[in-house]
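Residue-level structure breakdown
One-letter residues, chain by chain:
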There are 2 protein chains.
Amino acid sequence: MPRYRLTIEYDGGPFVGWQRQDNGPSVQQALEQAIARFCGETVAVHGAGRTDAGVHALGQVAHVDLGGDHAPETVRNAVNFHLRPAPVAVLDAAVVPSDFHARFSAIGREYLYRILNRAAPAVLERGRVWQVAAPLDVAAMAAAAAVLVGRHDFTSFRSVMCQAESALKTLDALTVERSGDEVRIEARARSFLHNQVRIIAGTLKRVGEGRWSLADVEAALAARNRDRAGPTAPPEGLTLVAVRYPPSP
Amino acid sequence: MPRYRLTIEYDGGPFVGWQRQDNGPSVQQALEQAIARFCGETVAVHGAGRTDAGVHALGQVAHVDLGGDHAPETVRNAVNFHLRPAPVAVLDAAVVPSDFHARFSAIGREYLYRILNRAAPAVLERGRVWQVAAPLDVAAMAAAAAVLVGRHDFTSFRSVMCQAESALKTLDALTVERSGDEVRIEARARSFLHNQVRIIAGTLKRVGEGRWSLADVEAALAARNRDRAGPTAPPEGLTLVAVRYPPSP
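Scope of this entry: the structure provided in the associated data block. (Residues numbered from 1 in each chain as written. Chains lettered and ligands numbered in written order. Predicted model: local features only at pLDDT ≥ 70, side-chain atom pairs only at ≥ 80, totals over all residues. Heavy atoms only, no water.)

1. Some remarks on the packing of aromatic side chains
Residues and elements named next belong to chain A. Applying the stated criterion across every chain, the model contains ten aromatic pairs over all chains. The interplanar angle of 50° and the centroid separation of 4.8 Å between the aromatic rings of Phe100 and Tyr245 together place this pair among those described as tilted. Here the residue Phe100 occupies a position in the loop between strand S4 (88-96) and strand S5 (108-116), and Tyr245 occupies one in the segment after strand S10 (238-244), the gap between them amounting to 145 residues. Taken individually, Phe100 and Tyr245 each receive the classification buried, so the pair is uniform in this respect. (Phe/Tyr/Trp six-rings, centres within 6.5 Å; stacked < 30°, edge-to-face > 60°. Helix = DSSP H or I, 4+ residues; strand = E, 2+ residues; numbered from the N terminus. Buried < 20%, exposed > 50% of the residue type's maximum accessible area, 1.4 Å probe, protein only.)

Here it is as structure tokens:
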């Protein structure tokens, strides 16, 4: 049974999240159903990470074992055919060694949080961005972001529901840049805590509005208390951009 | 009665086009209704140009005369409030001289046609792009585009329904560039014929696929016959990016 690595794009809007749940359609379920329609197999699709309801992906990665001996392009095209009309698509399929694991082999994740910083509501980017009317000070946001880079106890920046054993994480990069009306927050780490990027975005927005100083962010981090960081930014602004793996030997 | 210039973004998907029509909701009607709700006036909103059903705008321009003496920001915010949930927003409102006319004062229009050039269907950009699976030769498309730049009789590149008296137009710029998976065709002219950009996009796609040569495009232009150019590309790939006016005196 060859193992396939799938690179997946989805619009998180209509889903309860990546992971299969009882309360609505998940991306994982959409993929498993499309594979069942394609080759009649009931399979488990293993994702690199769970994304929450409403969170998008440009490059989620999953693996799945399939019988038969399908060419990767056949898997990609057939699964895409059977996914319709769900807003999920397999961008790439590749055969990988049987010890490849989408989650445990991953060595890095990259997220993008998009803020549409203008008075008018989002239209063409509706459901893809967080619209914030007050002009944001991007330089102040970038300076505050630098406080969070590195190895820290991120208890203040994770959901109280987070199930990770430790809140100690290394944030490899956190940048804030303006591109026209848009403020783009990019975050890279080996792995993230539940809601970590959204809480960071909600906190940096407070800094951008001038309501919080850099010292407030330092104090929030040091407090190790979720109540001390900013609010959790809405899911629709967040996209899982890419998952990285070691180069093949 | 001050005249306001409105800069407008919309998702063309749910509309029959810019212009008011009997067969469904138009962007013009959505704006006129929102203005009526805001200030109780029945007004005509004059756009710089009609966009077809499904065509988007990042920077359509319109003018409207309103009684009262509303600050431009008030007009923008109130109209946006009353537009909800229609995917239309006023990005900017400004008071302009009473001889400003959105259509007749315009000296330039800029359109963008987006092709998503990959095997997988569009997901996050669904409804915003034309998905083309075959790899496109962008250099060949750019060379063919150069044939169309300048002053020509564009009879081959306009809808047979086009009502313009003359098909003689000057295409100021037509560029084709790749950005990742996306092939972006940008067109600038004082004004365009009906379906001109979409027929250009459909023709250049044939060139990109290797089915048509540069000489075929030259022959299509010279033929002055709509049947000799390529097909009309789908509306969802097209966006009216900007309308230009002379600098204020």
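After presenting the structure, the write-up continues.
2. Focus: the relation of the copies chain B and chain A
Between chain B and chain A, which share one sequence, the superposing operator has a rotation angle of 180° and an axial displacement of 0.0 Å; the RMSD is 0.0 Å. Between the two chains, the operation in question is that of a two-fold axis. Minimal C-alpha distance to the rotation axis in chain B is attained by B:Glu125, lying at 4.6 Å. (Least-squares fit on C-alpha atoms with pLDDT ≥ 70 in both.)

3. Quick notes on the nonpolar core
Core analysis: the largest hydrophobic core is formed by 74 residues, its most contacted members being B:Leu31 and B:Leu148. If we skip the residues at most four places from it in the chain, B:Leu148 touches B:Phe154, B:Phe157, B:Leu171, B:Leu174, B:Ile200, B:Val217 and B:Leu221. One finds A:Tyr4, A:Ala48, A:Ile185 and A:Ile199 within the second-largest nonpolar core, a separate group that totals 72 residues. (Core = buried A, V, L, I, M, F, W, Y, C linked by side-chain atoms within 4.5 Å. Contact = heavy atoms within 4.5 Å.)

4. Examining the pairing of strand S8 (residues 168-179) of chain A
Residues and elements named next belong to chain A. Of the pairings in the sheet, the one linking strand S7 (residues 150-153) to S8 comprises four bridges and is antiparallel in character. From the neighbouring strand, His152 faces S8, where its bridge partner is Lys169. Where S8 meets strand S9 (residues 182-189), eight bridges bridge the pair, whose relative direction is antiparallel. The residue bridging Glu177 from the neighbouring strand is Arg184, located in S9. In this antiparallel pair of consecutive strands, S8 and S9, the connection spans two residues, and Gly180 shows a positive phi of 65°. (Pairing = 2+ DSSP bridges.)

5. Concerning the packing of helix H1 (residues 27-39) of chain A against helix H2 (residues 72-83) of chain A
Residues and elements named next belong to chain A. One way to put it is that H1 packs onto H2 with a least axis distance of 8 Å and a crossing angle of 110°. Overall, the two elements H1 and H2 adopt an arrangement that is roughly perpendicular. Two secondary-structure elements touch here, H1 through Ala30, Leu31, Ala34, Ile35, Arg37 and Phe38 and H2 through Thr74, Val75, Ala78, Val79, His82 and Leu83. When its residues are assigned to classes, the contact of H1 with H2 shows nine nonpolar, two polar and one charged. (Axes fitted to C-alpha atoms, helices over the stretch in contact; angles between N-to-C directions. Parallel < 35°, antiparallel > 145°, perpendicular 65-115°, else oblique. Nonpolar A, V, L, I, M, F, W, Y, C, P; charged D, E, K, R; others polar.)

6. Description of H2(A)
All names here are of chain A. Compared with an ideal rise of 1.5 Å per residue, which puts twelve residues at 16 Å, H2 spans 16 Å between its outermost C-alpha atoms and is within 8% of the ideal. Looking only at H2, the buried set comprises Pro72, Val75, Arg76, Ala78, Val79, Asn80 and Leu83. Residues of H2 that are buried make contact with strand S1 (3-10), H1 and S4. (Expected span 1.5 Å × (residues − 1).)

7. Some details on the side chain of B:Gln28
With respect to the secondary-structure elements, B:Gln28 resides in helix H1 (residues 27-39). If we skip the residues at most four places from it in the chain, B:Gln28 touches B:Trp18, B:Gln19, B:Arg20 and B:Val45.

8. Some remarks on the interface of chain B and chain A
Often, the extent of an interface is quoted as the loss of accessible area on bringing the components together. Residue-level contacts link 25 residues of chain B with 25 residues of chain A. Overall, the association of chain B and chain A removes approximately 1,700 Å² of surface from exposure, summing both partners, and the carbon and sulfur fraction of that is 59%. For B:Arg118, the salt bridge identified is with A:Glu9, shortest N-O distance 2.7 Å. The tally of links from chain B across to chain A stands at ten residue pairs in polar contact (both at pLDDT 80 or more). Secondary-structure elements contributing two or more residues to the side of chain B that touches chain A are strand S1 (3-10), strand S3 (56-65), helix H2 (72-83) and strand S4 (88-96) of chain B. (Buried area = accessible area lost by both parts, 1.4 Å probe. Salt bridge = Lys/Arg side-chain N within 4 Å of Asp/Glu carboxyl O. Polar contact = N/O pair within 3.5 Å; in protein donor to acceptor, adjacent residues only side chain to side chain.)

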